[in-house]
Every structure is written in C-alpha cells, then in structure tokens.
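# Observations on the model geometry
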Amino acid sequence: MKDETKCLHAGYTPKNAEPRVVPIVQSTTYVYDSTDDVAAVFDDPTKSLIYSRFANPTVMAVEEKIAALEGGVGAMCTSSGQAASLLSILNICRAGDSFISLSEIYGGTVNLFAFTLKKLGIECIFVDKNATDEELDNAFKPNTKAVFGETIANPALSVLDIERFANLAHKHGVPLIVDNTFATPVLCKPIDFGADIVVHSTSKYMDGHALQVGGVIVDSGKFNWENGNFPELVEPDESYHGLSYTKTYGKMAYILKARMQLMRDFGVYPAAHSAFLLNLGLETLSVRMQRYCENALTVAEYFKKSDKIESVTYPGLPGDAGYELGKKYLKGASGVISIVIKGGRKAAVRFMDALELASNEVHVADIRTCVLHPASETHRQLTEEQLKACGIEAGMVRFSVGLENINDILEDIEKGLKAI
Ligand SMILES: *Cc1c(COP(=O)(O)O)cnc(C)c1O
C-alpha cells in the first residue's frame, strides 16, 4: 500500500459483519476463561491483552498504522510527545549514561534532556548541526548510548542531515533517534535514511485538529542491540522473570522492552478514545500535508517580499539554509514558517496581536492558522544563551499555516504587517 492508502486502511481490517470504523474499546481490562489463561498472558504479554495500561485494541490499531507509515516493525503510543521522547531515551540509557542531541530541538525536549534527565543521572551532550566530523566524534564518551535530532527542528526549522548523523551514531555503535513530528512520515521517512528509532508528538500534524495530546515511538527493527553496548536489552530482565528482549523478541526487542518494562512502570499510555481521534486525523494526513506545504510555500514567498521582515526561515524556499537538505530528505517543507520581524520583540507582538484569522495559541500544526512568539511563550524558561543555541531571536514569530483559503491567510498577514 502507498501512504494515502495506509492512512486509511493500515492497522484495522474488519472481518465479516464487523464495524467499518475502528471501534473504541473502552475497557481497562480483558476477561479470560481460566487462571491458566491469564498466567499464559503474563508469560508472554505479546500474545494477548492484560490491562489497558500497556495495550488496548483501539490504540494498537493506530500503532500499527503509524508503524506501517514509518516503515517500522512496531510502534507504541504514549500519552504525549514528551512521554515518547522520555521513554525513547530511558529504554536505552540509565543513570551514569550519556547521549548526544542536536542543540536545535523543541524547547520542551531541551528541558527534559538538559534538566530532568540530568537529575536522573543521564547526561545530554548537545552538539551543533554544523559541527565538524572530528568535533562530533569527540563528543562521544564510552557511556554514550544514542544520538537524537529532529527532522525539521521546532522552531528553528533546520533540516537534519539524517544520513550523516545515522552514520555517525552507527560508527559509535549507538542508534539514531529522530523526532519526525514536523515532517510526519508523509513528508519524510527517517528509517529509509538510516534512523533506528522514530518518535513523534502526534499532537501536531498527525492529530492535526488540535484535539488531543499524544506521542508515539516507532522501532525500525534494524539496530543490532547485541553489539555489547546495550546489556539491558540482551541480559535477563529480573523484573520480567529473567527474559532477554533480544533473544525472545529479535527485531522487536526495543519496542517490546519499552512496552513491557517502561510502559508497565510509568503508565503513560493513551486512552482508547484519544487513539480513536488520532486515527481520524491520520486518515487524512496525506491529503492535509500536501495542502499545508502548498499554503506555507505561498505564505513564505509573501513574507520574503515584505520589507518589514528581516528574515524568513522555511526549508521549502530556495536559498534557505535547509533547502538543499530538504530536497534530499523531504517531499515538502511542511506548514511551519519562522519569521524575524524588524524591530524585535515589540514589533513581533504588534504583528501578532493585529492578526484576526490566525489565532495566538501555544500550538503548531493546527488545521487552523496559528501564531506563537517563542521568546515570550514556549521558550521563556530558556536563558539568552540557550535561546541562541536553539536558533531563537526576540523578533521571531512562528507562523503555522493552516488549511484556510490562501487568500484569506494572506489578507490577514497584510493586516498584521500594516500594524507594525
Ligand atoms: C510538541 C512537540 C513535542 C512534545 O510533544 P507533546 O505532545 O506536546 O508532549 C516534541 N517534539 C516536537 C518536535 C514537538 O513539536
């Protein structure tokens, strides 16, 4: 199946007289005929369902759809994108370990990596995307367990050189984890370029309608966890009656460890109803992404012509820093544009407050056009230095282009520009 078809059909195939639409299985638990049957499920939880803290049929249908879209062997949904990023790291790092992350990533992920994981004894080593091969090699330590980056960074909108960072990670015997939130598998499939694990905030384009927060982890099934660096995936897990994930589950070792160990213990699984809504978003993902890309390119070109705008960042614009990498990795540059308005913070706020159609909200990738001022909103907890490292300036506005008629969007922008 091609993407458009997978969006509609992957993950759920009704049999004779079953519901056309994936049903909402609103139940915490599942009934068995005998104690032996229940015991057997505990012995191998992949065989059947135990409890909706780790698996639920509605959520599983969505997991299968997303795994199919990304080209992975399995996926696990989480209650937020933050939970997906957290578990993707905790699944392979423990206290005393480190991992490498590109510095241009989502502000919430910076908090998680730089502060909260540090408290748990896990060090995040931030690297610049333009660092030389030698500088990147030198960033690795003997305890480094992963490399992390975003396909299209939020909000810097730089494009990750996935092959380069996959090769680097593999040279050091660790996986590349890619946050593919902004591109979605419709515009980029990181696994095709060597990524081992893909994570998403499904709250953005996948849901698409600003309905519910969620996340997902996808396992490519390609990484060799038995290379000596990941004993926790290979050696018996005493919390799971001595099971070895790689020996028992082969290619599915990473994603099943995440489910059976971390999801069991942290319990950040989405509700069936949330997964049902996410599935509705996914059904139209392919069609929506095309329109986001079209509208955003037109808006980016419009901003580019305005003398009130100091700079426009959109990887779909020729000459943009991400344009060449975008041509290689992306089928479209997605719907988010960063602009820096001349006159700094004040001018940016004036522009935003004059918009009528575009709403001022802490979100991107809504079906409706929306705007955000990173320096005073999402990234306000970061220091000036961290802001710079994330590629954020005081006059920067993040403009998330929606699916309204393009002429209505442009008219609104004109109102904003006049108010500066
Ligand atoms: C929003 C976002 C997250 C966090 O996701 P939530 O669903 O809000 O927890 C992570 N990564 C990126 C790139 C995001 O845009």
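Source: prediction; values computed, not measured.

### Details of the nonpolar core
Side chains of a nonpolar character, in soluble globular proteins, are inclined to be buried together. Ranked by size, the top nonpolar core spans 102 residues in total, and within it Phe 99, Phe 113, Leu 176, Ile 217 and Trp 225 carry the most contacts. The element contributing the most residues to this core is helix H11 (residues 253-266), with 8 residues. Taken domain by domain, the makeup of this core includes at least three residues from each of domain 1 (3-280) and domain 2 (286-418). For Phe 99, the contacting residues outside a window of four places in its chain are Ile 89, Cys 93, Phe 113, Leu 117, Ile 122, Glu 123, Cys 124, Ile 125, Thr 144, Lys 145 and Ala 146.

### Some details on H11
With 14 residues, H11 ought to run about 20 Å at 1.5 Å a step, and its terminal C-alpha atoms sit 18 Å apart, in line with that. Arg 259 marks the point of greatest bend in H11, at about 25°. With 12 of its 14 residues buried, H11 lies for the most part within the structure. Within H11, the full set of buried residues consists of Ala 253, Tyr 254, Ile 255, Leu 256, Lys 257, Ala 258, Arg 259, Met 260, Gln 261, Leu 262, Met 263 and Arg 264. Just downstream of H11, Gly 267 is the residue with a positive phi angle, here 65°.

### Focus: the sheet that holds strand S12 (residues 396-400)
Strand order in the open sheet made by the 5 strands is S8-S9-S12-S11-S10, with mixed pairing throughout. For this open sheet the edge positions go to strand S8 (309-313) and strand S10 (359-360), each flanked by a neighbour on one side alone. Lying on the sheet, helix H13 (residues 285-305) is in contact with S8, strand S9 (336-341) and S12; it crosses S9 at an angle near 10°. Each of S9, S10, strand S11 (370-372) and S12 touches helix H15 (residues 344-354); the most contacted strand, S9, lies at about 130° to it.

### A word on the packing of aromatic side chains
As enumerated under the stated definition, the model contains 11 aromatic pairs in all. Taking the centre distance of 4.7 Å and the plane angle of 85° together, the rings of Phe 99 and Phe 113 count as edge-to-face. With a gap of 14 residues between them, Phe 99 in strand S2 (residues 98-102) and Phe 113 in helix H5 (residues 107-119) connect regions that are remote in the sequence. Of the two residues, Phe 99 and Phe 113, neither departs from the other in class, the shared state being buried.

### Structural notes on the domain arrangement of the chain
Often, the extent of an interface is quoted as the loss of accessible area upon association of its parts. According to the domain assignment, the chain contains domain 1 (3-280) and domain 2 (286-418). Computed from C-alpha coordinates alone, the two centres of domain 1 and domain 2 are separated by 28 Å. At the junction of the two partners, domain 1 supplies 38 residues and domain 2 supplies 38 residues. Across the interface of domain 1 and domain 2, roughly 3100 Å² is buried in total on both sides, 63% from carbon and sulfur atoms.

### Some points on unusual backbone geometry
Omega for the peptide link from Asn 154 to Pro 155 comes to 5°, which places this bond in the cis form. By the secondary structure assignment, Pro 155 is in the loop between strand S4 (144-150) and helix H7 (162-171). With a phi angle near 65°, Ala 17 is a residue other than glycine that sits in the positive phi range. Phi angles above zero are rare outside glycine, and Ala 365 is one such case at about 70°. With respect to the element layout, Ala 365 can be found in the loop between S10 and S11.

### Here's the deal with empty space enclosed by the protein
Taken as a whole and assessed by the stated rule, the structure comprises 1 cavity of 30 Å³ or more. Quantified by volume, the largest cavity comes out at close to 50 Å³. For the largest cavity, the full set of lining residues is Cys 77, Thr 78, Thr 202, Gln 212, Val 213, Gly 214, Gly 215, Pro 270, Ser 274, Ala 275 and Leu 278. Of all the elements in the fold, those that place two or more residues in the lining of the largest cavity are strand S1 (74-78) and helix H12 (272-283). In terms of residue count, H12 provides more of the lining of the largest cavity than any other element does, 3 residues in total. Among the residues forming the lining of the largest cavity, the class breakdown is 5 nonpolar, 6 polar and no charged.

### Quick look at the packing of H15 against helix H17 (residues 406-419)
The contact between H15 and H17 brings their axes to 7 Å, and the two run at 140°. Classified by the angle between their axes, H15 and H17 sit oblique to one another. Seen along the crossing, H15 lies across H17 with a hand that is right-handed. Each of Arg 350, Phe 351 and Ala 354 in H15 lies in contact with H17, whose residues at this interface are Ile 413, Lys 415, Gly 416, Leu 417 and Ala 419.

### Section: the sheet that holds S4
Taking strand neighbours across the sheet as the criterion, the 7 strands line up as S1-S7-S6-S5-S4-S2-S3 in an open arrangement whose pairing is mixed. Each edge of the sheet is formed by a strand with only one pairing partner; in this case those strands are S1 and strand S3 (123-127). With strand direction ignored, the average angle separating the axes of adjacent strands in the sheet is 20°. Strand direction decides the pairing type here: strand S5 (residues 176-179) and strand S6 (residues 197-201), joined by 3 bridges, are parallel. Bridging across to S6, Asp 179 finds its partner in Val 199. Sitting on the sheet, helix H3 (residues 57-70) touches S1, S6 and strand S7 (215-219), and the angle it makes with S1 is about 125°.

Criteria and cut-off values
- The residue numbers shown here count from 1 along each chain, following its written sequence.
- Given that this is a predicted model, residues contribute local features only at a pLDDT of at least 70 and side-chain atom pairs are listed and counted only at 80 or more, while totals for whole chains, interfaces and linings are drawn from all residues.
- Where side-chain values are given, they derive from all heavy atoms of the structure, hydrogens and water being excluded.
- Take the buried residues of types Ala, Val, Leu, Ile, Met, Phe, Trp, Tyr and Cys, join any two whose side-chain atoms come within 4.5 Å, and each joined set is a nonpolar core.
- With a 1.4 Å probe rolled over the protein chains alone, any residue whose accessible area is under 20% of its type maximum counts as buried; one over 50% counts as exposed, and the rest are partly exposed.
- Every helix listed is a DSSP run of H or I at least four residues long, and every strand listed is a run of E at least two residues long, numbered separately from the N terminus.
- Note: domain ranges come from an automatic or database domain assignment.
- The contact criterion used throughout is that any non-hydrogen atoms of two residues lie within 4.5 Å.
- What a helix is expected to span follows from its residue count: subtract one and scale by 1.5 Å.
- A residue's bend is given by the angle between axes fitted to the 7 residues ending at it and the 7 residues starting at it.
- When DSSP locates at least two bridges between a pair of strands, those strands are taken to pair.
- Helix axes are fitted to C-alpha atoms over the stretch in contact, other axes to C-alpha atoms as well, and angles between N-to-C directions run from 0 to 180 degrees.
- Each Phe, Tyr or Trp ring, with Trp reduced to its six-membered ring, pairs with another whose centre is within 6.5 Å; inter-plane angles below 30 degrees give stacked pairs, above 60 give edge-to-face pairs, and intermediate values give tilted ones.
- The term buried area denotes the loss of accessible surface (1.4 Å probe radius) that occurs when two parts are joined, taken as the sum for both partners.
- A pocket here means an open set of points on a 1 Å grid, computed over the protein atoms alone, that has protein on both sides within 12 Å along at least five of seven lines. A cavity is instead a set of points where a 1.4 Å probe fits but cannot get out; residues with an atom within 4 Å of a point line either one.
- Grid points are joined across faces, edges and corners, and a volume is the space filled by probe spheres set on the points.
- All residues other than Ala, Val, Leu, Ile, Met, Phe, Trp, Tyr, Cys, Pro, Asp, Glu, Lys and Arg, Gly among them, are scored as polar; the first ten of these are nonpolar and the last four charged.
- Roughly parallel here means an angle under 35 degrees, roughly antiparallel means over 145, roughly perpendicular means 65 to 115, and every remaining angle is called oblique.
- Here a crossing is called left-handed whenever its near helix is offset anticlockwise from the far helix by less than a right angle, and right-handed whenever the offset is clockwise.

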